[in-house]
Amino acid sequence: MKKLDDMHPLSVTLFFLCVTLIPMFIPYPVITAVSFIGAAVYVTAQEGRASVKTHLWVGLLFLILTLVNPLVSHKGTTILFMINDSPVTLEAFLYGLNSAAGLSSVVYWFAAFARIMDSEKLLCVFSVISARAALVMSCALRYIPLIRAQYIKTRTAQRSLGLYSDGNIVDKIRGDMRVFSVVITWALENGIVTADSMAARGCGSTKRTAFTTQRAAEFDIAAAVCAAALTGICAAASLCDRLDISFYPNIVMSHSSALGDIALAAYFIMAAAPTILSLGVDIRWRYLRSRA
Amino acid sequence: MAILTVESLSFKYPLCERAAINNVSFTLEEGEFVILCGEGGSGKSTLLRCLKREVIPNGDLAGKIIVQGEDTDNMSTAASAAVIGFVSQECEQQIVTDKVWHELAFGLESIGADKEEISLRVAETAAYFGFSDKLHMDTADLSGGEKQLLALAAVMVMRPKILVLDEPASQLDPIAARSLAETVRRLNRDRGITVIIAEHRLDNILPFADRLMLLKDGELVICDERDKALAYAEDDLLSEMPAPVRIFHELGCEGKYPCDVNSARRFVVGRYKNDIRMLETVKGSHSESKALEAKNVTYRYERDAKDIIDGLTLTVYEGEIFALLGANGSGKTTALSLISGGCRAVSGSIKIFGKKLKEYKNNSLYKGNVSLLPQDVTTLFLHNTVREELSEMNISQIPFGLDKYSDKHPYDLSGGERQLLALAKVLAVKPKLLLLDEPTKSLDALAREKLLNILKELKASGMTIVIVSHDTEFCAECADRCSVLFMGRALPPMPTAQLLDNNDFFTTPSSLISRGHYDLAVTPQDVISLCRKNGRAER
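Moving on, we come to the overall build of chain B. When its secondary structure is counted, chain B shows 18 helices and 21 strands. Relative to a compact globule of 539 residues, whose C-alpha radius of gyration would be 24 Å, chain B shows 25 Å and is just as compact. Overall, chain B is about 70 × 65 × 50 Å in size when its C-alpha atoms are taken along their principal axes. Looking at chain B as a whole, 56% of its 539 residues qualify as buried. In chain B, the share of contacts with a sequence separation of at least 24, taken over all contacts with a separation of at least 6, comes to 67%. In the structure as shown, chain B presents an accessible area of about 22800 Å², 48% of it carried by carbon and sulfur atoms.

Structural data, given as structure tokens:
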């Protein structure tokens, strides 16, 4: 058993793709609710107190999305009250609530994904696409901070020449233009050194190998296969119209069916999996420690 | 066995009339350690680059380069990339990727090695070069010395037979330069790697050299065993040599040249009397008016960070050259930045010519008062030619002998010429206080000499100069007073010779050579004069 944090980045990426795409394409209320709760619980479990900030932001987003729809859309038959002679309907409100849960859950999942994927893991994902893409990403990660640092150095140096001044806005813009131009020249000139250094080590001579520090264990593969299979069940149920809902003019949901219920269970497993794995690993760790 | 044979190699840059390399031929035996000498512009860099097929500059190349009996033109790309390792002086720019492990793997990825092999070789190399615990670090977080070591390791991972090093230590501080030299020596001795290296400061590598080569105007004038070459060498080679060799040579002695401090010390102490122990020097008197007065200055970069400058108190008097020594990260550059108003002190006061920094309104500080020559002078260059660069500062008469380069791009100048161009730019505002941050970094012997004379002239004209540097030999030549920066504070300043003669690490080779025998002899010239005055000891 492994936490998502320790899994191969490709399995992690696949899992997050599945767990976010399902509520995007199947906006069935049970699914959006499960996604929202699962993601919120996972983020809380992972980040602890630091998650308060994430919750506040997502909460705000949730509120806005829920309230905006009934104000804009006046479809639906159950009128709750009138604002400026326009009806606010229950159907529009529920529609807003459902899509807010879906979208907010995606934000939560992304926050969790971003926390897990450091630059080395991202590099591994890129290297599957192409070894060159991975190299470009690695170079970018190296050069963007380098150029930034050079910009700061240059600004200080130019200022002490007395040509760059903060006095008024025109001077300041002119000064910034100077600095920008110096840094561009520097970047181009130094690009030649880097290019030489790459060529000297045989870059471009043959097909690149994409070396990564990541390792795929059997568990990672099994997890990826599970995620794909569970997603397949949900997709099948959706294609057979077992997870349909329409809000306007009246709310109509597809009847409960065996396939639909299995799909809901499948998605529940997916949304709960990150938290369960994480808890499982912790319990097992304590157990092992207590025996040692 | 000959590992590298160069046959009548010539190289001409496009649009140049003269060949940069002219009919150079030589052979290196396997496992040799060769130093390539020559002043700036003699074609050292060009020659070294021509040896490595992948980095040959644009231009016309004639001649043959044979590695292990195979013409490099006929080699496969992967073999050619691996067999010769090339490291240049730019420690920052030759690192390509963002993580240490990836930089080490880069070369092997490029020649398509399989993943298991990459893992093994990266593991091995990281262990040898001491990167095992830094594999997951960002390359940007390494120090300059570590970056250059990483560049070397990233080349060694490809198992080269020959290492071509183009001034690898010129951007490094003395301690990092020393450790790099030791590593190269270790590779040469333990692994039998053939080394050909060009370097400005030869102190660290001369003792290891089997052979010296001297390039002059693109021609190979000397290519001989070290001791033989030194015996018949003339000033063009000797001016670049470290203090032990220069002292021995100037005194006109015959025999085996001492290459390190220890043997030079035995030579001086054993052969020369010491009845006169000290030169009569002019006592360093300074004017009473203060050019710079810093009191209890503190500074930190982040709110919760440590104070990098912690109670700096320092007075520099008008008309003197003051040097601030100190280890890496001791806050030398930050101190200059504070003095020049680049960043503002958290507490304490800084007065320039009796006036507080913040009273200099509207850039008036930079108009005729203070100028800073930054460590990275390329931050000053904006235009396409030297002439435009200077006319921007309203300089019509191009100074420092730069007129012959007036149409060149600043980036095409050598390290020394760049430094002079930058100096001309910062002097254009006619400062009364000039601040120099590591001015001798990446300068060769000739350029250092030139800078030294310029600083002396500026001082004679009444300018106050503050130098921050690792280069104790340079400070010994020009500074009146010195201080060491430690834990964010400046230790009490002393006259330069006294401070250097009293120190074991922030000192000069000449002082170490003559210590105990003579007093306050901190430059080669001091030692030579004292030896001459005292005369030879009776045997």
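We now examine the confidence of the model for chain B. Low-pLDDT stretches of the model should not have their predicted coordinates read in fine detail. All names here are of chain B. Within chain B, residue pLDDT values average 87, and 99% of them lie at 70 or more. Within chain B, strand β8 (residues 194–198) carries the highest mean pLDDT (94), whereas helix α8 (residues 235–238) carries the lowest (79). Scored by ipTM, the complex comes to 0.83, with pTM at 0.86.

Glancing now at the interface of chain B and chain A. With 60 residues of chain B at the interface, the matching set in chain A holds 49 residues. Interface area, chain B with chain A, both sides summed: about 4600 Å², of which 58% is carbon and sulfur. For the pair chain B and chain A, the number of links is 5 salt bridges. As a salt-bridge pair, B:R49 and A:D196 come within 2.8 Å of each other at their nearest N and O atoms. The interface formed by chain B and chain A contains 24 residue pairs in polar contact (both at pLDDT 80 or more). Listed by contribution, the elements that provide at least two residues to the side of chain B that touches chain A are α2 (77–83), α3 (100–110), α4 (115–129), α5 (144–156), β16 (370–373) and α13 (415–427) of chain B. With 9 residues, the top contributor of residues to the side of chain B that touches chain A is α3(B).

It is worth spelling out unusual backbone geometry at this point. A:Y248 connects to A:P249 through a cis peptide bond whose omega is -10 degrees. Here A:P249 is to be found in the loop between β3 (245–246) and β4 (252–253). A positive phi angle, close to 70 degrees, is found at B:L15, a residue other than glycine. Structurally, the position occupied by B:L15 is in the loop between β1 (2–12) and β2 (21–29). Its identity is not glycine, yet B:L520 carries a phi of approximately 55 degrees, on the positive side. Counting through the fold element by element, B:L520 comes out in the loop between α17 (509–514) and α18 (524–534).

Residue and element names in this part refer to chain B. The sheet built from 4 strands is open, its strands ordered β12-β11-β14-β15 with antiparallel pairing. One side of each edge strand has no neighbouring strand; the edge strands of this open sheet are β12 (309–317) and β15 (355–356). Judged from the 5 bridges that link them, strand β11 (residues 290–299) and strand β14 (residues 347–352) form a sheet pairing that is antiparallel. Along β14, the bridge assignment pairs T298 with S347.

This part covers the domain arrangement of chain B. Residue and element names in this part refer to chain B. What the domain assignment reports for chain B is domain 1 (2–241), domain 2 (248–271 + 509–539) and domain 3 (290–508). Summarising the inter-unit geometry, the C-alpha centres of domain 1 and domain 3 are found 32 Å apart. Taken together, the contact between domain 1 and domain 3 spans 13 residues of the former and 10 residues of the latter. Between domain 1 and domain 3, the buried area comes to about 960 Å², and carbon and sulfur atoms account for 51% of it. Its largest share of buried area at the contact with domain 3, domain 1 owes to D173, H200 and R201, together 44% of the area lost on that side. For the pair domain 1 and domain 3, the interface holds 2 salt bridges. Where R201 meets E473, a salt bridge forms, and the shortest distance between an N and an O atom there is 2.7 Å.

The next point concerns the packing of aromatic side chains. Scanning all chains against the criterion turns up 16 aromatic pairs over all chains. Ring geometry for B:F267 and B:Y272: centres 5.9 Å apart, planes at 80 degrees, overall edge-to-face. Here B:F267 matches B:Y272 in class, with each residue buried. Members of the aromatic cluster, each reached through a chain of ring pairs, are A:F15, A:F16, A:W109 and A:F113. Residue placement shows B:R186 over the ring face of B:Y128; its charged tip is 4.7 Å from the ring centre. Directly above the ring of B:Y128 sits B:R191, whose terminal nitrogen or CZ lies 5.9 Å from the centroid.

What follows concerns the pattern of salt bridges. Counting across every chain of the model gives 34 salt bridges over all chains. One salt bridge in this structure joins A:K172 and A:D176, with 3.9 Å as the shortest N-O distance. One end of the pair, A:K172, and the other, A:D176, are both in helix α7 (residues 169–200), 4 residues apart, so they sit about a helical turn from each other. A residue is classified by how much of its surface remains accessible, and A:K172, at 34% relative accessible area, is partly exposed. For A:D176, a relative accessible area of 24% translates into the label partly exposed. B:K256 is paired through a salt bridge with B:D227; the nearest N and O atoms lie 3.6 Å apart. Within this pair, whereas B:K256 is found in the loop between α9 (243–250) and α10 (261–271), its partner B:D227 is found in helix α7 (residues 226–232), the two being separated by 29 residues in sequence. Judged by its relative accessible area of 58%, B:K256 falls in the exposed class. For B:D227, a relative accessible area of 28% puts it in the partly exposed group. A network of salt bridges, in which partner residues are shared, links B:R201, B:D203, B:R448, B:D471 and B:E473.

Criteria and thresholds
- Residues numbered from 1 in each chain as written.
- Chains lettered and ligands numbered in written order.
- Predicted model: local features only at pLDDT ≥ 70, side-chain atom pairs only at ≥ 80, totals over all residues.
- Heavy atoms only, no water.
- Helix = DSSP H or I, 4+ residues; strand = E, 2+ residues; numbered from the N terminus.
- Rg over C-alpha atoms; globule rule 2.2 N^0.38 Å.
- Buried < 20%, exposed > 50% of the residue type's maximum accessible area, 1.4 Å probe, protein only.
- Contact = heavy atoms within 4.5 Å.
- Areas by Shrake-Rupley, 256 points an atom, 1.4 Å probe, with all protein chains shown as cover.
- pLDDT = per-residue confidence, 0-100.
- Buried area = accessible area lost by both parts, 1.4 Å probe.
- Salt bridge = Lys/Arg side-chain N within 4 Å of Asp/Glu carboxyl O.
- Polar contact = N/O pair within 3.5 Å; in protein donor to acceptor, adjacent residues only side chain to side chain.
- Pairing = 2+ DSSP bridges.
- Domains from an automatic or database assignment.
- Phe/Tyr/Trp six-rings, centres within 6.5 Å; stacked < 30°, edge-to-face > 60°.
- Lys NZ or Arg CZ within 6 Å of the ring centre and 35° of its normal.

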